[in-house]
Amino acid sequence: MCEFDYIDAQFEAYLQEELKIKRSLFNYHDSRIHVCLYFISPTGHSLKTLDLLTMKNLDSKVNIIPVIAKADAISKTELQKFKIKLMSELVSNGVQIYQFPTDDDTIAKVNAAMDGHLPFAVVGSMDEVKVGNKMVKARQYPWGVVQVENENHCDFVKLREMLICTNMEDLREQTHARHCELYRRCKLEMGFADVNIIPVIAKADAISKTELQKFKIKLMSELVSNGVQIYQFPTDDDTIAKVNAAMNGHLPFAVVGSMDEVKVGNKMVKARQYPWGVVQVENENHCDFVKLREMLICTNMEDLREQTHARHYELYRRCKLEEMGFADVGPENKPVSLGFPEQERAWVWAPRCGSHGNRTFVSQLQAKFEHLKRVHQEERMKLEEKRKCLEEEIIAFSKKKATSEIFQNQPYMASGSNLKKDRKNACRGSGTQQGPPPRQQPSWTSCPTPDFLDWGPDHTRHKLGRPAHLLGQGCLALIPRDVGASTDVSGHSGVGGGGLGAELCVGSP
């Protein structure tokens, strides 16, 4: 874990403790980092780029005090020049280091002098060396002894005094009021920027009436100065403008909560009972609970829903689309919205304009509904016409298919019946009962095209009894092998006579 994550983890732990319903901050072990001693190498030249970047990222999270380490490695004259150069680089690069406060007269003079010593130059050692009659922590060299706690040798004592004795409380206050508050604000904005915020002062019975008014004014000024956008009750509707304007003056609401019932007069009311009196939850003179309830449930419920949908949800949706790689713009580079056309979107994002705006929006919705209804009917009629056309085509195709099958079987059946008659006549002419004469086995071949058949120009059946326009649609025809001879339907050749040499011609589509 790097130093940034560790600092944030301590802030997060403190924030979680603050957000608890039952919090005990007085017993909480505060582990937040109050100061960062940033040690700089004694190069005598300038700061490294890494040092500048690190301190720039740290100055918003923790109080930074720059320290020159191993100050005994640089001479006294070079050390002074190095300090001046370091401070000028920090200022020019916008690095905010911790400045000792001078607004307290008791320590103003000391702190002003210590600010002139920044950055502190220190020497560290755990070894003890005898100097005179006492043992001191020092670094011993052949040419002398550098004492850690000698102010003429280094600034270790000044740094220790400033941290522990003089400015410890100020460091804690700076951590809590500046750095931790900045972290808290960022985390809360990440979690609550997409909801309607209504600030409420809890346990309002713990503060007097005069102090409560001052506290409300101070809270609102801090919210405005820090750019926190809280929910404002709308004043554009004349029916509720006066009430909402008055309620905006009561923000933040100061409430008291209790589930206990106390007898006040002749009735039982929810209240908190103290030895000096009874604080009634639903008494408007005691707290703002009734005002808050009325504003939320009775007066502004619909406006809260509109704000959530038109502002917060729309912002969330746009961010998610951008993360997924989709642009929230239309073909003309205009923003689009989920389920809203451009005209309605403009109304949603525009400020609310009371009942007149509502009527306008309703009329727009009705016009859009009628338009969509007409479009739907037209599309339905077009689909019905297409369906009828398809049914007619299916019926015509079925008829053509049946006709084709009939004509496919007709030539073969006619040839078979004529062949039987010829055999019977031949047997009667000879006067003998002989078996059928030996015949040549017919050879069926595929004819690639039927274009040579002698069809009439009027599509009449000449030889095979088949109209020419059906040829080429998967029909069958018996064609004699000798196409030069005269052939009748039975397949008998007028030249050779008695032969069954025929070929099967398949008309391909």
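Calculation rules
Residues numbered from 1 in each chain as written. Predicted model: local features only at pLDDT ≥ 70, side-chain atom pairs only at ≥ 80, totals over all residues. Heavy atoms only, no water. Helix = DSSP H or I, 4+ residues; strand = E, 2+ residues; numbered from the N terminus. Buried < 20%, exposed > 50% of the residue type's maximum accessible area, 1.4 Å probe, protein only. Contact = heavy atoms within 4.5 Å. Areas by Shrake-Rupley, 256 points an atom, 1.4 Å probe, with all protein chains shown as cover. Salt bridge = Lys/Arg side-chain N within 4 Å of Asp/Glu carboxyl O. Axes fitted to C-alpha atoms, helices over the stretch in contact; angles between N-to-C directions. Parallel < 35°, antiparallel > 145°, perpendicular 65-115°, else oblique. Left-handed = near helix turned anticlockwise from the far one by under 90°. Arc of directions from axis to C-beta. Expected span 1.5 Å × (residues − 1). Core = buried A, V, L, I, M, F, W, Y, C linked by side-chain atoms within 4.5 Å. Pairing = 2+ DSSP bridges.

Draft legend 1. Region of interest: the overall build of the protein. A count of helical and extended segments in the protein gives 12 helices and 13 strands. Per-residue burial over the protein gives 30% buried out of 509 residues. Relative to all contacts within the protein whose residues are 6 or more apart in sequence, the contacts with residues 24 or more apart total 61%. Looking at the protein as shown, the accessible area adds up to about 34300 Å², and 56% of this sits on carbon and sulfur atoms.

Draft legend 2. Up close: the pattern of salt bridges. Enumeration over the complete set of coordinates arrives at 19 salt bridges. Residues Lys-158 and Asp-155 are paired through a salt bridge, measuring 3.7 Å at the closest nitrogen-oxygen approach. The buried category is assigned to Lys-158, whose relative accessible area is 12%. For Glu-169, the salt bridge identified is with Arg-172, shortest N-O distance 3.3 Å. In this pair, Glu-169 and Arg-172 are both assigned in helix H6 (residues 168-192), 3 residues apart and thus about one turn of the helix distant. Glu-169 gets classed as partly exposed once you look at its relative accessible area, which sits at 47%. Residue class for Arg-172 comes out partly exposed when judged on its relative accessible area of 40%. Shared partners join several salt bridges into a network, and the residues in it are Lys-83, Glu-151, Asp-155 and Lys-158.

Draft legend 3. Spotlight on the packing of helix H8 (residues 241-248) against helix H9 (residues 289-299). Their axes nearest at 11 Å, the elements H8 and H9 cross at an angle of 140°. It follows that H8 is oblique to H9 by the angle criterion. In this structure, H8 meets H9 at a crossing whose hand is left-handed. In this structure, H8 uses Val-243, Asn-244 and Met-247 to contact H9, whose residues at the interface are Lys-291, Met-295 and Thr-299.

Draft legend 4. Local environment of helix H2 (residues 49-58). Those residues of H2 that sit buried are Asp-51, Leu-52, Thr-54, Met-55 and Leu-58. The arc enclosing the buried residues of H2, seen along the axis, measures out at 170°, which places them on a common side. The exposed residues of H2 that point more than 90 degrees off its buried face are Thr-49, Leu-50 and Leu-53. Here the buried face of H2 lies against helix H1 (3-18), strand E1 (36-40), strand E2 (64-68) and helix H3 (76-92).

Draft legend 5. Helix H7 (residues 209-225), seen in detail. Over its 17 residues, H7 extends 25 Å from the first C-alpha to the last, a length consistent with the 24 Å expected when each residue adds 1.5 Å. Where H7 is concerned, the buried positions are Leu-212, Lys-216 and Met-220. Seen end-on, H7 carries its buried residues on one side only, within an arc spanning 70°. Relative to its buried face, H7 has exposed residues pointing more than 90 degrees away, namely Thr-210, Lys-214, Ile-217, Lys-218 and Ser-225. Packing partners of the buried residues in H7 comprise strand E7 (200-201) and strand E8 (253-254). Following H7 by one or two positions, Gly-227 adopts a phi angle in the positive range, close to 75°.

Draft legend 6. View of the nonpolar core. With 41 residues, the main nonpolar core has Ile-65, Leu-90, Phe-100 and Phe-120 as its most contacted residues. Within the residue set of this core, elements represented by two or more residues are H1, E1, H2, E2, H3, strand E3 (120-121), helix H5 (156-166) and H6. At 5 residues, the largest contribution of residues to this core is made by H3. Judged by nonpolar contacts, the second largest core, of 12 residues, contains Ile-230, Tyr-231, Phe-233 and Val-255.

Draft legend 7. A look at the sheet that holds strand E10 (residues 267-274). With respect to topology, 3 strands assemble into an open sheet ordered E9-E10-E11, the strand pairing being antiparallel. Two strands lie at the open edges of the sheet, namely strand E9 (261-264) and strand E11 (277-280), each paired on one side alone. Neighbour-to-neighbour, the strand axes of this sheet turn through a mean angle of 65°, independent of strand direction.

Draft legend 8. Local environment of unusual backbone geometry. Omega for the peptide link from Leu-118 to Pro-119 comes to -10°, which places this bond in the cis form. Assignment of secondary structure puts Pro-119 in the loop between helix H4 (105-115) and E3. The omega angle of the peptide bond from Leu-251 to Pro-252 is -10°, so this bond is cis rather than trans. Assignment of secondary structure puts Pro-252 in the loop between H8 and E8. Non-glycine residue Lys-70 carries a positive phi angle of around 50°. Within the secondary structure, Lys-70 is located in the loop between E2 and H3. Of the residues examined, Lys-70 reaches a relative accessible area of 62% and is grouped as exposed.

Draft legend 9. Up close: the pairing of E9. Note that E9 and E10 share 4 bridges and pair antiparallel. Bridged to Glu-261 within E10 is Lys-270. If you look at the hairpin formed by E9 and E10, you'll find 2 residues sitting between the two strands, and Gly-265 has a positive phi there, around 70°.

Draft legend 10. Structural context of the sheet that holds strand E5 (residues 134-141). Pairing in this open sheet of 3 strands is antiparallel, and the strands run E4-E5-E6 from one edge to the other. Strands with a single pairing partner mark the edges of an open sheet, and in this sheet they are strand E4 (128-131) and strand E6 (144-147). Strand after strand, the sheet turns through a mean of 65° between neighbouring axes, direction not considered. Sheet topology places E4 next to E5; 4 bridges connect them, and they run antiparallel. Residue pairing in the sheet places Glu-128 in a bridge with Lys-137 of E5.

Draft legend 11. How the structure looks around the environment of Leu-292. Counting through the fold element by element, Leu-292 comes out in helix H9. You can call Leu-292 buried: its relative accessible area is 15%. It is 9.6 Å that separates the C-alpha atoms of Leu-292 and Leu-251, two residues lying 41 residues apart in sequence. In this structure, Leu-292 is in contact with Ile-198, Val-200, Phe-253 and Val-255, ignoring residues within four places of it in sequence.

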